Amino acid sequence: MKKIYFLFMAAACASVFFDSCSTGEDTDEVSFYFPQYEASDFAGGDFPYLTGWNVVSVCGDERIHKTVPAQEKAVSFVLERNAPCAVLAFPLILCAGKETEFFKPAGCIYPEQRSLSFLHGFSASVLDEFYSHAVLSGTSPEKAVSYARRFNWKKFISVIEQKNSFPSPEVLYNPWLLEKSTVLEGIAAGSFSATYLGMKNVRAVSESEIRTALQKKSLILENSFSVPPGADFALFSKYFPFNITGGEKSFTVKYGVQEEFLCVFYGIQTVRAFVSVTKDGKITLALNSIPI
């Protein structure tokens, strides 16, 4: 893992993403509401059945874990008032008769938000890793929380929502394709700007393009996994929102980087699939024969 150097400077407050420091020692019991996850959300295919959520709240060096059944609408934590806290909820799905985590987490940043969303799973993961790097670098938890208070998480959240609301005509916004190490370095050094949240070197890939690649056998089969002739399948992205777009599913991928999918061959088995695209447009689909 690339080391992030933390430069806690008073000058950081000059940035639009940094505010004056505030403190508060009181605590509140806060409920966070899960995003909707239903069969009707998926654009066709054998959607993975939700069994529950693995949830974690992170503030400084404190991590609290809870497992919540799928029928629950919310999860509660006792948190320090006004201290930035990351809350991440990983969906537990039933796949091939086994409970597992696959999708990227839903998340939010307290006190700015109290509803968990898949869009802000990335935002919460940034704060989570910010605290982790701070602790690993020897920064005291109190100092890390104090610095996190000065960062304008509300602005960070707003920019991500703007990017998501007004994507380019060609690609859907996926914050997980951003350079997270660059984002973290910008926050730590006090040099963060909205330009860090713009996607680069990406393109959209439709499910039909992937089907064509499969038909042309432009794929890699691991451990002699064989695709039965005419077998139909559905792909599910690790980034949940891509699975609920209307009409034909389209996924945003980064050039030269393998993106992991859940590949469901109807009536046969579910496997991991890895899609990569070169700048000249060649799509490669790698299927892992080990079932999920």
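Refer to the structure printed above.
For the structure given in this document, a descriptive report is provided here. (Residues numbered from 1 in each chain as written. Predicted model: local features only at pLDDT ≥ 70, side-chain atom pairs only at ≥ 80, totals over all residues. Heavy atoms only, no water.)

**Quick notes on the overall build of the protein**
Along the backbone of the protein there are five helices and 14 strands. Of all 292 residues assigned to the protein, the portion counted as buried reaches 50%. Contacts in the protein between residues far apart in sequence, at least 24 positions, make up 69% of those at least 6 positions apart. When the accessible surface of the protein is totalled, it reaches about 13,700 Å², and 50% of it is carbon and sulfur. (Helix = DSSP H or I, 4+ residues; strand = E, 2+ residues; numbered from the N terminus. Buried < 20%, exposed > 50% of the residue type's maximum accessible area, 1.4 Å probe, protein only. Contact = heavy atoms within 4.5 Å. Areas by Shrake-Rupley, 256 points an atom, 1.4 Å probe, with all protein chains shown as cover.)

**With respect to helix H5 (residues 207–215)**
Of all the residues in H5, the buried ones are Glu 207, Ile 210, Ala 213 and Leu 214. The buried residues of H5 occupy an angular sector of 115° when projected down its axis, which confines them to one face. (Arc of directions from axis to C-beta.)

**Some thoughts on the packing of aromatic side chains**
The geometry of an aromatic ring pair is captured by two quantities: the separation of the ring centres and the angle between the planes. Applying the stated criterion across every chain yields a total of 20 aromatic pairs. Taken together, a centroid distance of 5.5 Å and an interplanar angle of 85° make the contact between Phe 122 and Trp 176 edge-to-face. Highlighted residues: Phe 122 in helix H1 (residues 121–136) and Trp 176 in the loop between helix H3 (153–165) and helix H4 (180–189), separated in sequence by 54 residues. With respect to class, Phe 122 is no different from Trp 176; both count as buried. Counting every residue linked through ring pairs, the aromatic cluster contains Phe 34, Tyr 37, Trp 53, Phe 102, Phe 103, Phe 118 and Phe 240. Of note, Lys 66 hangs over the ring of Phe 77, and the distance from its end group to the ring centre comes to 4.8 Å. The ring of Trp 176 carries Lys 104 above its face, with NZ or CZ at 4.7 Å from the centroid. (Phe/Tyr/Trp six-rings, centres within 6.5 Å; stacked < 30°, edge-to-face > 60°. Lys NZ or Arg CZ within 6 Å of the ring centre and 35° of its normal.)

**Here's the deal with a nonpolar patch on the surface**
On the surface, Phe 47, Tyr 49 and Leu 94 cluster together into a nonpolar patch covering about 290 Å² of accessible area. Take Phe 47: its relative accessible area is 31%, and that puts it in the partly exposed class. (Patch = residues over 30% accessible without salt bridge, like charges linked within 9 Å, V, L, I, M, F, W, Y side chains within 5 Å. Salt bridge = Lys/Arg side-chain N within 4 Å of Asp/Glu carboxyl O.)

**A closer look at the side chain of Arg 203**
Relative to the helices and strands, Arg 203 is located in strand E8 (residues 202–206). Note on Arg 203: relative accessible area 18%, which makes it buried. Here Glu 209 takes part through its side chain, which lies 2.8 Å from a polar atom of the side chain of Arg 203. What Arg 203 contacts, discounting residues up to four positions off in sequence, is Val 171, Glu 209, Phe 251, Thr 252, Val 253, Tyr 255, Val 277 and Gly 281. (Polar contact = N/O pair within 3.5 Å; in protein donor to acceptor, adjacent residues only side chain to side chain.)

**Some words on the pattern of salt bridges**
In the structure shown here, the tally under the stated rule is nine salt bridges. Measuring nitrogen to oxygen at the nearest pair gives 3.4 Å for the salt bridge that ties Asp 26 to Arg 81. One end of the pair, Asp 26, is in the segment before strand E1 (27–33); the other, Arg 81, is in the loop between strand E4 (74–80) and strand E5 (85–95), with 55 residues separating them in the sequence. Between Glu 179 and Lys 254 there is a salt bridge, and its shortest N-O distance comes to 2.9 Å. With Glu 179 in the loop between H3 and H4 and Lys 254 in strand E11 (residues 250–254), the pair connects residues that are 75 residues apart, well separated along the chain. Overall, the relative accessible area of 13% leaves Lys 254 in the buried class. The network of salt bridges with common partners includes Asp 26, Asp 28 and Arg 81.

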